[in-house]
Structure formats: C-alpha cells, structure tokens
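Coordinate analysis (summary)
The primary structure of each chain is shown beneath.
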Amino acid sequence: MVRDITLGQFMPGRSLIHRLDARSKIMFLIAYIVFIFVAKNYMALLLVTLASMLVVLMTKIRFSMYLKSMKVILFVVILTGILNIFYGTGNVLWEWGIIKITDGGIHNAIFVTIRIATLVLISSVLTFTTSPSDLTDAMERLMKPLTFFHVKVHEIAMMMTIALRFIPVLLEETDKIMNAQKARGADMESGGIIKRIKALIPVLIPLFVSSFRRANDLAMAMECRCYNGGKGRTRMKQLHFSVIDLLGLIFSLIVFAGVILCNIYFSSVIR
Amino acid sequence: MAVIKAENLRFVYGTGTSFEKTALSDVSFEIEKGEFIGIIGHTGSGKSTLVQLLNGLLKPTEGKIYLNDKDIWEEPKKIRNVRFKVGMVFQYPEYQLFDETVYKDISYGPKNMGLSEEEIDEKVRKAAEFAGLKEELLEKSPFDLSGGEKRRAAIAGVIAMDPEVLILDEPTAGLDPLGRDALLSQIQDYHDTRKNTVILVSHSMEDIARVADRILVMSHGEKYMFDTPENVFSQGRELEELGLQVPQVTKIMLLLKESGILISQNILTVEQAFNEIVNHLGNEGV
C-alpha cells in the first residue's frame, strides 16, 4: 500500500548525523550532490560513494530502510541505465541496425546508475535524520536572504510544514473512504482507464471536502492562537552550529579536494 | 441456519514487515439469521478488523468465513457480491457522501449492483424512509444537510443495497443524546420490520444492552465471550478488567444486590430497574 513508502520518513536517533544542525545538513546535501556530478572518473566516483556510505553507516539506521527507499526509484534507475547504454559515443562494441552499443555508452550507464543511487542514498540521510519541523525551520533560515526580493519565505516554510504534517493524515483518510466506497460496491480494480478514473470520483470528492474542512479548522485554530505570519515570531527551538558541524565541514572539504584531485590525475571516462 | 459462520479467524497486519501485528487470533462464532448482535471491546481489541473481515474488505490470514454456508473467498473475483449481501456502515459514514444530491448518493450502491432504474428508485425511497430521511431532503445536496441528517443519508446508502446482514460500526458516535436514541430506535425498527441480521459495534453499553439479542465481547484480538446481554453483563467485574463497563443502571443494581438487597435478575434498562425497585418496595410493604 501507499503507506509502505519510506522515502522521506524521519527516524529519531542520537547519532552524530542526527545531531548535526539541520541547516548544515541541507548545505552538505547540496554540496554532495555537486560532488556526485563533478566526479568525472571511477576513482572520483568511488570516493564520493564511499564517503556517502560512511555517512549512511554513521546514522546508525538499519540499511534495509535505505534499501526500501531505493526500491521506489529502482525502476527509474534501471530504465535510465539501460537507455544510456544506447546513447553513448566512442568505440562501437556491438551493432544491430540503428542500435549500437559503445564503450562510452556503457561507462555512461554505470555512471548514471551509481550517481542516482548515491543521490537517493544521501538524500535519504537528510530526511531520515531530520525531523520535518527542523527541516522546514532550516529551509526558512537558509532562504532568509530571499526576503530582500519580497519572497514570502516564512509563508512558504509554514506551508511546507503543514503539507508534510498532513500527508499521513490524508493517506489514512483515503484508505478509510476507499473502504467505505468499496463496501458500497465500488469497483476500483477492473475496467479501462476511463472507468477507473470515474471510479475514483467517489473517493476524491469526500477527500477534497474533508481537506477543506481540515484546512478551515486549522486556520481557525491558528488564528485563535494569534498567528499572524512570521514577523516578530520567536522560536522555542533555536538552531545552533556546533563542533560537529565544523567536523562535517572539514570532512566535506576533504572529500571535495579528493574529488578534484582524482579528476585532475585520472583521465575522465565520461563526457 | 447460520447466516455467518466464522472459523478460526486470524488476521495479521503488515505480514512480512517489521510492523507485523496480530489483530485477531482464533476467533470462531456463528450468527443466526435475523439475530441482532452487539460487538463490544476496548480500543484495539479487533472489533473493526473483525467486521471488515465479515464483508470481505480484508482477507483473513488464516481461517474461513461462511456466508449462507458458502466460503466468501471461494471466488475472490466475486467478492463484490459478498459486500452487497453484507452491508457495512463505517464510523462517521457522513464523510463518504459525494454526489450532487442525496438521492444520487443513496443510489450509488444499488447502481453498482446493476439494478434497473425502477428498482433503484424503489430501493432508494424505501431506504430513505427506513433511515428517517424526509422526502424533500432527497433532492438537496448532501453537503447542505445537518450532521445528523448526513449520517442518516449515509446509512440509507448502505440500507439501499438491501443487505442480508447490516453491520454498523459506532453509528451513534458524535450524536447528541436525542439523535442517538432516535437513530437507535430506527435501527431497531429496521431490524424488526425486515427481519434481517444486524451487527452493531459500539462503545456504549447502554445502546448495546437495549437492542442486542446476543453480545460478542472482544479482548486483545480474541473472542472473550459470546452470550446474551443478561449473562454478559452479570460479569461486571471481569468486564471492568477488560476496560469495559456494564450499563450504569446495571451497575447500580449489581451494587444493590451486593449490599444485600435482593434483586432477582440482571437489569439492563432503566425501565426494568424501575419496575424491579417498585416491586421490591412493594414486597417490603413500603
């Protein structure tokens, strides 16, 4: 069912990674994504992958949870991998009509697969180890400079918090309504695409209605507690940079230097 | 003849994952045609799981359910027919209303059954009457109704399928006392007129004591007791240990009995208690 998806689920813990400041975690994630795409040869890629694995191990979350979040995108990874085999240039290894496989293509395929897998792995670290409220809080802080351009940073962060908060509620609600309509003989498993979309109407309308009702209630409750936007709002939980963040920064710099060095000393295998 | 027969039912949520949880284990019982059954149990005792198994929304991990002596999962493709025969009203059913008018919403079930226009019309009007919905409400939008009316419309939507067995999960939750009483009487009328089997899941012991022929007590996913209200509620102590209560009036009468005042039988309703006390005082010569 929809509920089995682990992608983006917070798992509380006390590991070093958990204790990193949420802002640094977001910055490190961005940095690692850049590293992954800067790496131009196997040595550099290996270095980034190993560094990511080390971080994953440090979270002390069972690896099976990561595998689960990978499973969701497995299809995408395999598909892009296979497509890349046929789109490379370089020495032709095998040819059949217009389809040809080149060594460049194979390198591309391997690279793309490892890149996406590492990407998901390292992104999961962020969502697994950071509570949604810390995450949106950190995003609000990081986006603060944008207020200069009249971007409503606080409102965006608040919307994200609320949206994240209501995902499980809505999933449960969908389940309930689906069961209720199935009990009245709704048939959602058979028939053509048009019939199936039509069969969803009795689920979607009650879902919309209750979402609006919930939104209304929530807005009312927030106003009752004198919520009026981000201006002058103080926080119960302050974010603090600490020694761990400094260590993280040093570690990331080392990885970055390593990737650059590998790129310089070994020849690039992908274009 | 038993309408529903459950044999060694076992149900496990999330089989094969780390969240595996046994919701029901080894539950067996028989329900006779035309009976009014009450199901009680603390939160998480497996009541809701059990009723969802009965109409084929969940498939038992182990065990069999027979509807009129036929295994309901014999042909998984025809499970919809079972759902038409075993109507299920969920908790807060008003949140399932979706169509433009109350009439159209009630006709959703019968339409899924593939009935003709005339049959649908007849069933919808009859169901609305049984649920106590006024004729003029049928052309209104379900979202314009009051809370109580919405609930009635949703219940009518299930009754309209003319099920042999009607299951209601907490139908009176969130209604005011007047609305509760009215709805409960309506359900009782429905049972008396149509002679259909009704299964009522409730937290309210008063409600159950008033209407049920037999009561199924669930505890920690197991059948704890399945007996007449008199026998079930005579075990006040045991029920309290399960986190359940006997009806207030029964409790008072049990206390009177324990304090030495002779009360002959188990009392389930206020009227019975009244008569009993009057009798008793009469015997004492007061």
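All values derive from a computational prediction rather than experimental measurement. (Residues numbered from 1 in each chain as written. Chains lettered and ligands numbered in written order. Predicted model: local features only at pLDDT ≥ 70, side-chain atom pairs only at ≥ 80, totals over all residues. Heavy atoms only, no water.)

1. Some words on the packing of aromatic side chains
Within this structure, the stated rule accounts for eleven aromatic pairs over all chains. The interplanar angle of 50° and the centroid separation of 5.3 Å between the aromatic rings of Tyr 42 of chain A and Phe 111 of chain A together place this pair among those described as tilted. Of this pair, Tyr 42 of chain A sits in helix α3 (residues 42–58) while Phe 111 of chain A sits in helix α5 (residues 103–129), placing them 69 residues apart in sequence. By relative accessible area, which is 31% here, Tyr 42 of chain A ends up partly exposed. Look at Tyr 66 of chain A and Phe 128 of chain A: their rings are 5.0 Å apart centre to centre, the planes differ by 45°, and that puts the pair in the tilted class. Here Tyr 66 of chain A, found in helix α4 (residues 63–86), pairs with Phe 128 of chain A, found in helix α5; they are 62 residues apart in sequence, far enough to count as distant. One aromatic cluster is present, built from ring pairs that chain together Tyr 32, Phe 35 and Phe 256 of chain A. Note that Arg 23 of chain A overlies the ring of Phe 241 of chain A, its terminal NZ or CZ placed 4.4 Å from the centroid. Above the ring of Phe 226 of chain B, the side-chain terminus of Arg 214 of chain B is found at 4.2 Å from the ring centroid. (Phe/Tyr/Trp six-rings, centres within 6.5 Å; stacked < 30°, edge-to-face > 60°. Helix = DSSP H or I, 4+ residues; strand = E, 2+ residues; numbered from the N terminus. Buried < 20%, exposed > 50% of the residue type's maximum accessible area, 1.4 Å probe, protein only. Lys NZ or Arg CZ within 6 Å of the ring centre and 35° of its normal.)

2. Comments concerning the interface of chain B and chain A
Contacts between the two partners involve 21 residues from chain B, matched on the other side by 15 residues from chain A. With both sides pooled, the region where chain B packs onto chain A buries about 1700 Å², and carbon together with sulfur makes up 57% of that total. Three residues stand out in chain B for area buried against chain A, namely Tyr 95, Phe 98 and Tyr 108 of chain B, and they jointly supply 32% of the buried area on that side. Taken together, the connections running from chain B to chain A amount to two salt bridges. Measuring nitrogen to oxygen at the nearest pair gives 3.6 Å for the salt bridge that ties Asp 187 of chain A to Arg 80 of chain B. Inspection of the chain B/chain A interface yields six residue pairs in polar contact (both at pLDDT 80 or more). (Contact = heavy atoms within 4.5 Å. Buried area = accessible area lost by both parts, 1.4 Å probe. Salt bridge = Lys/Arg side-chain N within 4 Å of Asp/Glu carboxyl O. Polar contact = N/O pair within 3.5 Å; in protein donor to acceptor, adjacent residues only side chain to side chain.)

3. Observations regarding the side chain of His 42 of chain B
All names here are of chain B. Mapping His 42 onto the fold places it in the loop between β3 (36–41) and α1 (47–54). Looking at His 42, the relative accessible area reads 15%, which means it is buried. Ignoring sequence-local partners within four residues, the contact set of His 42 consists of Lys 47, Met 218, Ser 219, His 220, Leu 242 and Leu 244.

4. Overview of the nonpolar core
Core analysis: the largest hydrophobic core is formed by 50 residues, its most contacted members being Ile 106, Leu 133, Leu 168, Ile 215, Val 217 and Phe 233 of chain B. Counting residues in each nonpolar core, the second largest holds 36 residues, with Ala 6, Leu 9, Leu 57 and Leu 216 of chain B among its members. (Core = buried A, V, L, I, M, F, W, Y, C linked by side-chain atoms within 4.5 Å.)

5. Section: the sheet that holds β3 of chain B
Residues and elements named next belong to chain B. Across the sheet, six strands lie side by side as β6-β7-β8-β3-β9-β10; this open sheet has mixed pairing. Each edge of the open sheet is held by one strand with a lone partner, namely β6 (86–89) and β10 (222–227). Ignoring strand direction, the axes of neighbouring strands in this sheet form an average angle of 15°. Across the sheet, α1 is in contact with β3, β6, β7 (165–169), β8 (197–201) and β9 (214–219); its angle to β3 comes to roughly 145°. Along the sheet, helix α7 (residues 177–194) makes contact with β3, β7 and β8, crossing β8 at roughly 155°. (Pairing = 2+ DSSP bridges. Axes fitted to C-alpha atoms, helices over the stretch in contact; angles between N-to-C directions.)

6. What about the domain arrangement of chain B?
Residues and elements named next belong to chain B. Parsing chain B into structural domains produces domain 1 (2–234) and domain 2 (247–286). Spacing between the C-alpha centres of domain 1 and domain 2 amounts to 34 Å. Listed per partner, the contact involves eight residues of domain 1 and seven residues of domain 2. Note on domain 1 versus domain 2: buried area summed over both sides is about 630 Å², and carbon and sulfur give 70% of it. Three residues, Glu 206, Glu 230 and Phe 233, lead the burial of domain 1 against domain 2; their summed loss comes to 59% of the area buried on that side. Summed over the shared surface of domain 1 and domain 2, the result is zero salt bridges. (Domains from an automatic or database assignment.)

7. Details of the pattern of salt bridges
Inspection of the entire model under this criterion finds 18 salt bridges over all chains. A salt bridge links Arg 23 of chain A to Asp 21 of chain A; its shortest N-O distance comes to 3.2 Å. Residue Arg 23 of chain A is classed as buried on the basis of its relative accessible area, which comes to 11%. Since its relative accessible area comes to 4%, Asp 21 of chain A is described here as buried. Here Arg 125 of chain B makes a salt bridge to Glu 135 of chain B, at a shortest N to O gap of 2.5 Å. In this pair, Arg 125 of chain B is assigned in helix α5 (residues 117–130) and Glu 135 of chain B in the loop between α5 and α6 (147–159), connecting sequence segments ten residues apart. By relative accessible area, which is 53% here, Glu 135 of chain B ends up exposed.

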